[in-house]
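Descriptive analysis of the structure
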There are 2 protein chains.
Amino acid sequence: MTSTIPQSPVEQDVDNRIINPGSIQINVTGAFIVDEELYEDEESIPETNDIVLPYQNTENISHIAIDIGGSLAKIVYFTSNQSVNNSTEDLGPLINKKINCINGNGNNGNNNGNGNSNNNGYGINGNVRNDSISSDDSNDEILDPNRGGILNFYKIETEKIDEFIQFIAKLIKFYNKKVHIMATGGGSFKFYDRLRDELNVQVSKEDEMECLIVGLDFLITEIPDEVFLYTEQNPMQFVNHTKKDIYPYLLVNIGSGVSMVKVTGPNHDDFIRVGGSSLGGGTLWGLLSLITNANSYDEMLSSAAQGDNTSVDMLVGDIYGTEYNKIGLKSSAIASSFGKVFKKKHSKSTKTNKSTFKNEDISRSLLYAISNNIGQIAYLQAKIHDIQHIYFGGSYIRGHPQTMNTLSYAINFWSQGNKKAYFLRHEGYLGALGAFIKRQPEGWGRKNSIKLDELNLSKIRETLHQENINEQSACE
Amino acid sequence: MTSTIPQSPVEQDVDNRIINPGSIQINVTGAFIVDEELYEDEESIPETNDIVLPYQNTENISHIAIDIGGSLAKIVYFTSNQSVNNSTEDLGPLINKKINCINGNGNNGNNNGNGNSNNNGYGINGNVRNDSISSDDSNDEILDPNRGGILNFYKIETEKIDEFIQFIAKLIKFYNKKVHIMATGGGSFKFYDRLRDELNVQVSKEDEMECLIVGLDFLITEIPDEVFLYTEQNPMQFVNHTKKDIYPYLLVNIGSGVSMVKVTGPNHDDFIRVGGSSLGGGTLWGLLSLITNANSYDEMLSSAAQGDNTSVDMLVGDIYGTEYNKIGLKSSAIASSFGKVFKKKHSKSTKTNKSTFKNEDISRSLLYAISNNIGQIAYLQAKIHDIQHIYFGGSYIRGHPQTMNTLSYAINFWSQGNKKAYFLRHEGYLGALGAFIKRQPEGWGRKNSIKLDELNLSKIRETLHQENINEQSACE
């Protein structure tokens, strides 16, 4: 569980000395996810929500983390108030984000910023302060610009590896100091030489599965409002899990393909890859790009949202004319994905061309087929390993309602409600985040992140102020 | 196990009184599958091998069985020597088969007929005798034309239901007596009224799952050279299972969709449908007909046989540049089915049209993807239910080597050799055969089918002759 009251530096120091699960050492005191509403304008909203780490000591940030998968290359990097302030680099749209979240109004119940910003933003990068300075800024003395910053998330197609490397080069220039790259995913092996030589940096190759669970463990236990259950009625019902009650869990990571990892405890070797599937995001993406005219994955997902799968799928009712009572198959159950296609295509009454079928319907059917399939295999693995909690990660889901609904439904249907499907707001960055956290710069701690709706800013300020006094006392 | 020596009528009578598993009552004494080589000419070779029932009492055959699935309608019917001899009907190619199998040369080791036929063919339909009469026919007295015949198998697309009903009508005319229809599969419910009214016959609707296992149980335990293991080295390694050692088993029936049924014993309620999948034959058929120009399922399979999936599938090696040692994934393992397509299609160096990919490669990839997927789910279900024997049925496989190899490989890989994948020569007819057998005309028994290479014809003739004498003695 999270706490609203940050720890004292002494308590943090004790925490820092604890060897944390997966070797995670990051100061998440007061950490929270920045909601879309809190960005000043639409253009500055990132594809993946930033995570603010208001207490993170910025001096120690000297690494970035990448996860190069089969289809997507992901990067996680920290931008501190200090670094952004000091930089004269043109950082591009990725770092020039504008946030007004910590503006003294972050404490309202509905998480809406009111548009008035001030420069007390611990954890907010310099641009925010520069762009949205407030005249009412009585707490300047406790808003240390050397403290706090943002975890940024960005991804690009792996085939654009040149652009990706250029982006890292720019980032290194921005940091203006020696940077270490933590690299995971298959591409970190494949492109290792290029990364090291072209960027002239040290690159650590980190095991993919280990990074996935380190990243997931961090998100589950340390970032509030990260993990949620999905239902059509309540698409984002947040749950807060603690280390005490999460193990064992099954991570189902859906990228180009699917990996399923059973995690039994917090130690770095408490996991095993129990299985996987070659039917994943790459399959959806690949098949739909062969059949439809969609040019991007998101275009396919949005097309699927408009479709009706029953025009291509063969339902139990299409075969039986009714439901198959004896074994409990409803007439609306999908008996055969794409089972109607051949029949219709070769029917004398219709033209034998592809236009018989709508791209939207095809997209929806394939999305259902693959999601259902992953859900079923995940359930079976969870059943075999007696696991109740199933976390879905990877860049396949992208907050797409039909996908989450299908996965949730599959787990619920097969387990008769005994197992739960959990989703994540940073689902695509488990590996990159894990790689980021695995680097242990001195002074990184953890604990006591906060939920945004618990963000009682005046209380935090008070605590920060008190800490400053304590620190001064300790130095005297 | 099977026996080479048929039982005496007295022994058979005892057997007939036993209530058999799944209520099977059929005289399989001396039954065998007719190999392709034993047909007189290529044209007369049926798509599915006939089963000869040389001892079946023909007087009691008054039913045919159908199984109408989502994509295919199957029929099983018995043609006796007597019925074929007496008929003047034009029966079409289906019944005009010509066999020279029981020609005194059936006993050779390689199952090749020598082309010399005689009319001793118990179990061979009339046309055979008429067309291939032998001058050397010294055993006429024991070749009772009222005895024996052939189980015939035929299928047609369900969308051609009119043709199917016409075929049944012709068959009924051929029988020239009151015929009962045993109907299973979803279509037996959907088309029940049409069948009953247009054919003016009684139709019994039989439960699909029950029929599947009755049919499978019959094939496994009563028909020699029916069940086989597949390896590339030995594509058809026959196994003979007995009732004692087959339970529990998992039936994986792959039609348009997939059903998985756990069978725990020989009684009619010793089974439960444990799961299924919507990714089956209909999916392969449907997606490939959207993407490729194939006009039939068999065309797709033959196209797949020529293809190279690695041009569209993303392998572990494509991502890692090498294998992923830590979790034992070989570089040749498929990480993402169709994972290369989007990348290649949108690559600047290639044209963005479908012709970038060969239909053969696409077919092979999809065949692999779906077969692997079914294999994995089957393994997981077998693992959960602690089952070692997995039988694959349904019209998806069609004796296609890549399909069987993939299914076999998947079961072997996931179970680390602890579970076995079994295939069947009459895989597509489990339901129809089950429905056929469930009808219990008086006098149908079972037991003592024979393997074709054990067919010591002279011995059988001797036994038959002795039986005749015994029967005469019994009547005196």
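Per-chain numbering applies: the sequence of each chain, read as written, is numbered from 1 onward. Ligands are numbered from 1 and chains lettered from A, in the order in which they are written. Restriction of local features to residues with pLDDT of at least 70 applies here, the model being predicted, together with a cutoff of 80 or more for giving and counting side-chain atom pairs; totals for whole chains, interfaces and linings are based on all residues. Side-chain measures were taken over the full set of non-hydrogen atoms in the model, leaving aside hydrogen atoms and water.

You'll find chain A entered in an unreviewed UniProt entry as Pantothenate kinase 1, with Wickerhamomyces ciferrii given as the organism.

When its secondary structure is counted, chain A shows 16 helices and 16 strands. Of all 476 residues assigned to chain A, the portion counted as buried reaches 62%. Considering only contacts in chain A between residues 6 or more positions apart, those separated by 24 or more positions represent 73%. Numbering goes from the N terminus for both helices and strands, where a helix is a DSSP run of H or I of at least four residues and a strand is a run of E of at least two. Working definition: with a 1.4 Å probe on protein chains only, accessible area under 20% of the residue-type maximum means buried, over 50% means exposed, and in between means partly exposed. Contact between two residues is taken to exist if any of their heavy atoms lie within 4.5 Å; hydrogens are not considered.

Moving on to the relation of the copies chain A and chain B. When the copies are superposed, the least-squares fit draws on C-alpha atoms of residues that have pLDDT of at least 70 in both. Note on the copies: chain A fits chain B at an RMSD of 0.0 Å, the axial shift is 0.0 Å, and the rotation between them is 180°. In symmetry terms, the pair is related by a two-fold rotation axis. The fraction of interface residues of chain A whose copies in chain B are also interface residues reaches 100%, indicating that both copies meet through the same surface.

Residues and elements named next belong to chain B. Here we have seven strands laid out as an open sheet, ordered S9-S8-S16-S15-S10-S11-S12, and mixed in their pairing. For this open sheet the edge positions go to strand S9 (237–238) and strand S12 (271–277), each flanked by a neighbour on one side alone. Bridging between strand S8 (residues 227–229) and S9 involves two bridges; their strand directions are antiparallel. Residue pairing in the sheet places Phe228 in a bridge with Phe238 of S9. In short, DSSP must find at least two bridges between two strands for them to pair.

Space inside and on the surface of the protein is sampled on a 1 Å grid over the protein atoms alone, with a cavity defined as a set of points where a 1.4 Å probe fits but cannot get out and a pocket as an open set with protein on both sides within 12 Å along at least 5 of 7 lines; lining residues have an atom within 4 Å of a point. Grid points are joined across faces, edges and corners, and a volume is the space filled by probe spheres set on the points. By the definition in use, this model includes 13 cavities of 30 Å³ or more. In this structure, the largest cavity spans a volume of roughly 90 Å³. Lining the largest cavity, in full, are Gly70, Ser71, Glu157, Thr158, Glu159, Gly282, Trp285 and Gly286 of chain A together with Met314, Gly339, Phe342 and Lys343 of chain B. Put simply, the parts of the chain that give the lining of the largest cavity at least two residues each are helix H9 (281–291) of chain A together with helix H13 (341–345) of chain B.

One turn of an α-helix holds 3.6 residues; hence residues three or four places apart share an orientation. Most of helix H16 (residues 430–438) of chain B is tucked away: nine of the nine residues are buried. Taken together, the buried positions of H16 of chain B are Leu430, Gly431, Ala432, Leu433, Gly434, Ala435, Phe436, Ile437 and Lys438 of chain B.

The next point concerns the sheet that holds strand S16 (residues 420–424) of chain A. Residues and elements named next belong to chain A. The strand order S9-S8-S16-S15-S10-S11-S12 describes an open sheet built from seven strands, whose pairing is mixed. The open sheet has two edge strands with one neighbour each: strand S9 (237–238) and strand S12 (271–277). In this structure, strand S15 (residues 389–393) lies alongside S16, joined through three bridges in parallel fashion. Counted as the bridge partner of Tyr391 is Tyr422 from S16.

What follows concerns the interface of chain A and chain B. How big an interface is tends to be reported as the loss of accessible area on association of its parts. Listed by partner, the interface residues are 69 residues for chain A and 69 residues for chain B. Here the quantity called buried area is the total loss of accessible area, with a 1.4 Å probe, experienced by two parts when brought into contact, counted for both. At the boundary of chain A with chain B, total buried surface from both sides reaches about 5500 Å², with 63% on carbon and sulfur atoms. It is Leu290, Tyr320 and Phe342 of chain A that lose the most area in chain A upon contact with chain B, and together they represent 13% of the buried surface on that side. Salt bridges are identified by distance alone: a Lys or Arg side-chain nitrogen within 4 Å of an Asp or Glu carboxyl oxygen. Where chain A touches chain B, the interface holds zero salt bridges. Each polar contact in these results corresponds to two N or O atoms within 3.5 Å; when the atoms are within protein, one needs to be able to donate a hydrogen and the other to accept it, and residues that are neighboring in sequence are counted only if both atoms are side-chain atoms. Applying the counting criterion to the chain A and chain B interface returns 15 residue pairs in polar contact (both at pLDDT 80 or more). Elements that contribute at least two residues to the side of chain A that touches chain B include exactly helix H5 (186–190), helix H7 (208–222), S12, H9, helix H11 (316–320), strand S14 (334–336), helix H12 (341–345) and helix H13 (359–384) of chain A. Element by element, the count of residues in the side of chain A that touches chain B is highest for H13 of chain A, at ten residues.

Here the focus is the packing of aromatic side chains. For any pair of aromatic rings, geometry is given as the distance between the ring centres together with the angle between the planes. Working definition: a ring pair exists when centres of Phe, Tyr or Trp rings (six-membered ring for Trp) sit within 6.5 Å. Plane angles under 30 degrees give stacked, over 60 give edge-to-face, the rest tilted. For the structure shown, the criterion picks out 32 aromatic pairs over all chains. Their ring planes at 25° and their centres at 6.3 Å tell us that Tyr379 of chain A and Trp414 of chain A sit as a pair that is stacked. Here Trp414 of chain A lies in helix H14 (residues 401–415) and Tyr379 of chain A lies in helix H13, a separation of 35 residues in the sequence. Both residues of the pair, Tyr379 of chain A and Trp414 of chain A, belong to the buried class. An angle of 55° between the planes, with centres 5.1 Å apart, marks the rings of Trp285 of chain B and Tyr297 of chain B as tilted. Residue Trp285 of chain B is located in helix H10 (residues 281–291), and its partner Tyr297 of chain B is located in helix H11 (residues 297–306); the two are separated by twelve residues in the primary sequence. Judged by its relative accessible area of 3%, Tyr297 of chain B is buried.

Three or more residues of helix H10 (residues 297–306) of chain A are buried, namely Tyr297, Met300, Leu301, Ser303 and Ala304 of chain A. Buried residues of H10 of chain A, viewed axially, fall in a sector of 160°; they line one side. For H10 of chain A, the secondary structure elements touched by its buried residues are H9, H13 and H14 of chain A together with H13 of chain B. Arc definition: directions from the helix axis to the C-beta atoms.

This next bit is on the nonpolar core. In this description, a nonpolar core means a group of buried Ala, Val, Leu, Ile, Met, Phe, Trp, Tyr and Cys residues linked to one another through side-chain atoms lying within 4.5 Å. Val252, Ile374 and Phe392 of chain A together with Val252, Ile374 and Phe392 of chain B are the most contacted members of the largest nonpolar core, which totals 94 residues. Filtering out sequence-adjacent residues up to four positions away, Val252 of chain B remains in contact with Val258, Ser259, Met260, Ile374, Ala378, Ile390, Tyr391, Phe392 and Gly393 of chain B. By size, the runner-up hydrophobic cluster in this structure holds 76 residues, among which are Ile68, Ile75, Phe191 and Phe218 of chain A.

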